[in-house]
Structure formats: C-alpha cells, structure tokens
Amino acid sequence: MIRRKFLHLFRAEPGKKIRLADYPTAWDQIEGLKPLGKRVVRERAAEVLERSRRELAEMQERLYADDRYSLLIVFQAMDAAGKDGTIKHVMSGVNPQGCQVFSFKEPSAEELDHTFLWRYMKALPERGRIGIFNRSHYEDVLVVKVHPELLEAQKLPPGKRGKKFWEARYEDINAFERHLVRNGTVVLKFFLHLSKKEQKKRFLERLTRPDKHWKFSAADLAERRHWDAYMKAYEQAISATSTEWAPWYIVPADNKWATRAIVADLIVQTLKKLDLHYPEPTPEQLAALEAARRELEDEPD
Ligand code: ATP
Ligand code: MG
C-alpha cells in the first residue's frame, strides 16, 4: 500500500475550495519523494501497481459474489493525460465479465432529447460489477461550460445560463451521486492532473512518431487553446462536487507509472472499506451440496 499520508494528498477535501496549483502533477512534487530518487520511487510504484492489480482481481470476485454493491469509477482529464492507458493497466487483471467501460463522446440526437444525466444513468454498473466512465456526467459542467454554445443543442427551457445555472447542475450531480451511494453504488472520481508542459510533449510525440500519429487529433489542439478556462471549470466542478459520499482524487498525471499505481491503490483501498463476503450457504443449501457430493462419489467408475 502507498502510505496513507501520500494518498491523503490527492483527495479533494469536501466543502473546501480547491486550487489545482496546490496539487502535484509529477512524482517529484509529491511531498517527501524527491530525496528517494526517481529509480527507487518508480520501482516502488511498479510493486504497488502489481500488488493492487492482484488484490483488485480478488476483490472484484468478492464484489460479484456479495452482490450488494457496485463500484463506479469516473475518469476525467485533459487530452493525453492517460485515461485510456490507466484504465487498461489498472483493470488488466480483472475478469472482463465483472467490469464495463463506457466512453462518452459528444451526445447523440437521442441523448440530447433527454436530461443531461440520462445517458450516464443508462450506463451504470449492476450490483456486483465495476463500471468505468471514460469521461462522464462531468463533461456537462466542463466542456459545456467552456463552450456554452453547446447548451443550445440541449434544448433546455429558457433562462439565464449564469452562475446559478451551473450551481444547479452541480447540485443535480451531487444529488444523483448521493442517490447512487445510498443504494449501494460506491462512487470514486479521478481527475488525472496533467501539466500543460507535459501535454505539449505528448502531443509533439504524437506528431513526430509515425506509430503515434493515429492518436493525434486537431480537435485536441483546439481544446488546448482553452487550457485556462478548462482548469477553472475543473476547479469549480471539483470544489462543488467532492463530497463525503463521492470524493474526487486529483492524481498526478505527468508520469504514467505514478498515475497507475496511485489509482490502483485508491481503488483497492476503497473496496477494502466495504464489508464484502462470499454468501454463506443456508442449512438447506449445505444439505443439497452434501447430497450432490454423495451422488457423484457413489457413481460407478
Ligand atoms: P480518445 O481521444 O483517447 O479517443 P476522448 O475521450 O478524448 O478519447 P474523443 O472522441 O477524442 O474521445 O473526444 C470526445 C469529445 O466529446 C471530447 O472533446 C469531450 O469533451 C466531448 N464530450 C463528451 N461528453 C460531452 C458532452 N456531454 N457534451 C459535449 N461534448 C462532450
Ligand atoms: Mg480525444
């Protein structure tokens, strides 16, 4: 386990106004790590990831057998922050039948004919399963806030689209998540915190390395021009929606190995807090098992 002290550094304290500049984007900005040196920290992170992956596979099985809870993991980030890679690496040991990943793009015409939460509601994990949102209901207070003209397509009743409008959306999101938590869905939210400098480096890599060309999209560069507006929207959204029931974690994203270890560890720690166990057979079920065992053993060879 990563020491609790470290993990605490990434949690957005509910009710507090957060400033992203106060949160590390790289491993060497994490309190106390720099003197250890990159090699040592990186090796340690690899061990944490490996162990967490094993534990996660086991806990997922228990989650499934227990069949009372589900886990919803939300990933939000700027482009090239490593959402896809983190999901791939952290979930690689988990039984694919117990895990669903949904990636949310621009809403379709059908989705725009419903309230903004509808499409996310339809994608929620069933009891016993882990659901991953690669982008999420938060896009509706992030990209949509940065580009308010997108609201026109949402065909909302008339009204001002000022501060109160966005506060109402945060309120709706908090109520939605509270409803989920009250009914057995554990909600965990990660913002992969990438520096503007590292994003530039990753974009340039996509432009210069032929094997990475396919990952580049001109739209990503267009969004980068709105960097400051996005950071402001993230700060406001995280401050308003990090709650005791569904906290945000702001995870450094400049080093992929660090991101993956931290995310994996946080997921495992969250599942460990649940009281998950395999169902105990009733006396009747035990008797039936015993009868089945006897029948098989008595079969002639
Ligand atoms: P990748 O680039 O790795 O495939 P991605 O998540 O960036 O993953 P894209 O297809 O590039 O996927 O982008 C999806 C786009 O859809 C993003 O720009 C995102 O902001 C936008 N989007 C997602 N949800 C909404 C929404 N509710 N309203 C408007 N735009 C949205
Ligand atoms: Mg993209």
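This text gives an overview of the structure that appears in the document. Keep in mind it's a predicted model, so treat the numbers as computed, not measured. (Residues numbered from 1 in each chain as written. Chains lettered and ligands numbered in written order. Predicted model: local features only at pLDDT ≥ 70, side-chain atom pairs only at ≥ 80, totals over all residues. Heavy atoms only, no water.)

**Remarks on the overall build of the protein**
Thinking step 1. Scanning the protein from terminus to terminus reveals 12 helices and 5 strands.
Thinking step 2. With the principal axes as the frame, the protein shows a C-alpha extent of 75 × 55 × 40 Å.
Thinking step 3. Per-residue burial for the protein yields a buried fraction of 48% across its 301 residues.
Thinking step 4. Residue pairs at least 24 apart in sequence account for 81% of intrachain contacts in the protein once pairs closer than 6 positions are excluded.
Thinking step 5. A total of about 16700 Å² of accessible surface is found on the protein, and carbon and sulfur atoms cover 53% of it.
Thinking step 6. In the protein, 53 positive and 46 negative side-chain charges are present, and the distance between their average locations comes to 9 Å. (Helix = DSSP H or I, 4+ residues; strand = E, 2+ residues; numbered from the N terminus. Buried < 20%, exposed > 50% of the residue type's maximum accessible area, 1.4 Å probe, protein only. Contact = heavy atoms within 4.5 Å. Areas by Shrake-Rupley, 256 points an atom, 1.4 Å probe, with all protein chains shown as cover. Lys, Arg positive; Asp, Glu negative; His and termini not counted. Charge placed at Lys NZ, Arg CZ, Asp CG, Glu CD.)

**Observations regarding the site of ligand 1**
Thinking step 1. In the vicinity of ligand 1 lie 15 residues, with Asp84, Lys105, Arg119, Arg135 and Glu139 positioned nearest.
Thinking step 2. Between ligand 1 and aspartate 84, the relevant distance is 2.9 Å, taken from an oxygen atom to a side-chain nitrogen or oxygen of the residue.
Thinking step 3. Surface burial for ligand 1 is 75%, taken as the share of its 640 Å² of free accessible area covered by protein chains.
Thinking step 4. When atoms are counted within 2 Å of each cavity's grid points, the one that captures over half of ligand 1 is the largest pocket.
Thinking step 5. Elements that contribute at least two residues to the shell around ligand 1 include exactly helix H3 (83-90), helix H5 (118-121) and helix H6 (143-146).
Thinking step 6. Within the shell around ligand 1, the residues separate by chemical class into 6 nonpolar, no polar and 9 charged. (Near = heavy atom within 4 Å. Polar contact = N/O pair within 3.5 Å; in protein donor to acceptor, adjacent residues only side chain to side chain. 1 Å grid on protein atoms, 1.4 Å probe; cavity = no way out; pocket = protein on both sides within 12 Å on 5 of 7 lines; lining within 4 Å. Sits in = over half its atoms within 2 Å of the grid points. Nonpolar A, V, L, I, M, F, W, Y, C, P; charged D, E, K, R; others polar.)

**Observations regarding the packing of H3 against helix H11 (residues 256-272)**
Thinking step 1. The geometry of H3 relative to H11 is characterised by a closest axis approach of 10 Å and an angle of 55 degrees between their N-to-C directions. Comparing their axes, H11 and H3 come out oblique. In this structure, the crossing between H3 and H11 has a hand that is right-handed. Contact residues: H3 offers Gly85, Thr86, His89 and Val90, while H11 offers Thr259, Arg260, Val263, Ala264 and Ile267. (Axes fitted to C-alpha atoms, helices over the stretch in contact; angles between N-to-C directions. Parallel < 35°, antiparallel > 145°, perpendicular 65-115°, else oblique. Left-handed = near helix turned anticlockwise from the far one by under 90°.)

**What about the packing of aromatic side chains?**
Thinking step 1. A complete count under the given rule lists 10 aromatic pairs for this structure.
Thinking step 2. Here the aromatic rings of phenylalanine 104 and phenylalanine 133 are separated by 5.0 Å at their centres, their planes lie at 80 degrees, and the arrangement is edge-to-face. Taken together, the positions of phenylalanine 104 in the loop between strand E2 (99-103) and helix H4 (109-112) and phenylalanine 133 in strand E3 (residues 130-134) put the pair 29 residues apart, joining distant regions of the chain. As far as the burial class goes, phenylalanine 104 and phenylalanine 133 line up, both buried.
Thinking step 3. Joined through ring pairs, the aromatic side chains of Phe75, Phe190 and Tyr249 make up one cluster.
Thinking step 4. Just above the ring of phenylalanine 116 sits the side chain of arginine 169; from NZ or CZ to the centre is 4.3 Å.
Thinking step 5. Here arginine 178 stacks its cationic end above the ring of tryptophan 245, 4.2 Å away from the centre of that ring. (Phe/Tyr/Trp six-rings, centres within 6.5 Å; stacked < 30°, edge-to-face > 60°. Lys NZ or Arg CZ within 6 Å of the ring centre and 35° of its normal.)

**So, the environment of valine 263**
Thinking step 1. With respect to the helices and strands, valine 263 occurs in helix H11.
Thinking step 2. The buried category is assigned to valine 263, whose relative accessible area is 0%.
Thinking step 3. C-alpha separation for the pair valine 263 and serine 103, spaced 160 residues apart in sequence, amounts to 18 Å.
Thinking step 4. Residues contacting valine 263, with those up to four places away along its chain left out, are Phe75, Thr86, Val90, Phe190, Leu192 and Val251.

**Here we look at the layout of surface pockets**
Thinking step 1. Empty space within the largest pocket amounts to approximately 1400 Å³.
Thinking step 2. Taken together, 47 residues form the lining of the largest pocket, with Asp79, Lys83, Lys105, Arg135 and Asp220 sitting closest to its centre.
Thinking step 3. Listing elements by their share of the lining of the largest pocket, those giving two or more residues are strand E1 (70-77), H3, H5, H6, helix H8 (196-208), helix H9 (218-224), helix H10 (227-241) and H11. (Points joined across faces, edges and corners; volume = space filled by probe spheres on them.)

**Concerning H10**
The periodicity of an α-helix, 3.6 residues per turn, causes residues three or four positions apart to be oriented the same way.
Thinking step 1. Taking 1.5 Å per residue as the helical rise, H10 with its 15 residues ought to reach 21 Å, and the 21 Å between its terminal C-alpha atoms agrees with that figure.
Thinking step 2. Listed in full, the buried residues belonging to H10 are Trp227, Tyr230, Met231, Ala233, Tyr234, Ala237, Ile238, Ser239 and Thr241. (Expected span 1.5 Å × (residues − 1).)

**Description of the sheet that holds E2**
Thinking step 1. A sheet is described by the order of its strands in space; here 5 strands give the open sequence E2-E3-E1-E4-E5, paired in parallel fashion. Of all the strands in the sheet, just E2 and strand E5 (248-252) have a single pairing partner and so form its edges. Recorded for the sheet is a direction-independent mean angle of 20 degrees between the axes of neighbouring strands.
Thinking step 2. Two strands pair when backbone bridges link them, and E1 and strand E4 (residues 185-193) are joined in this way by 8 bridges, in the parallel orientation. (Pairing = 2+ DSSP bridges.)

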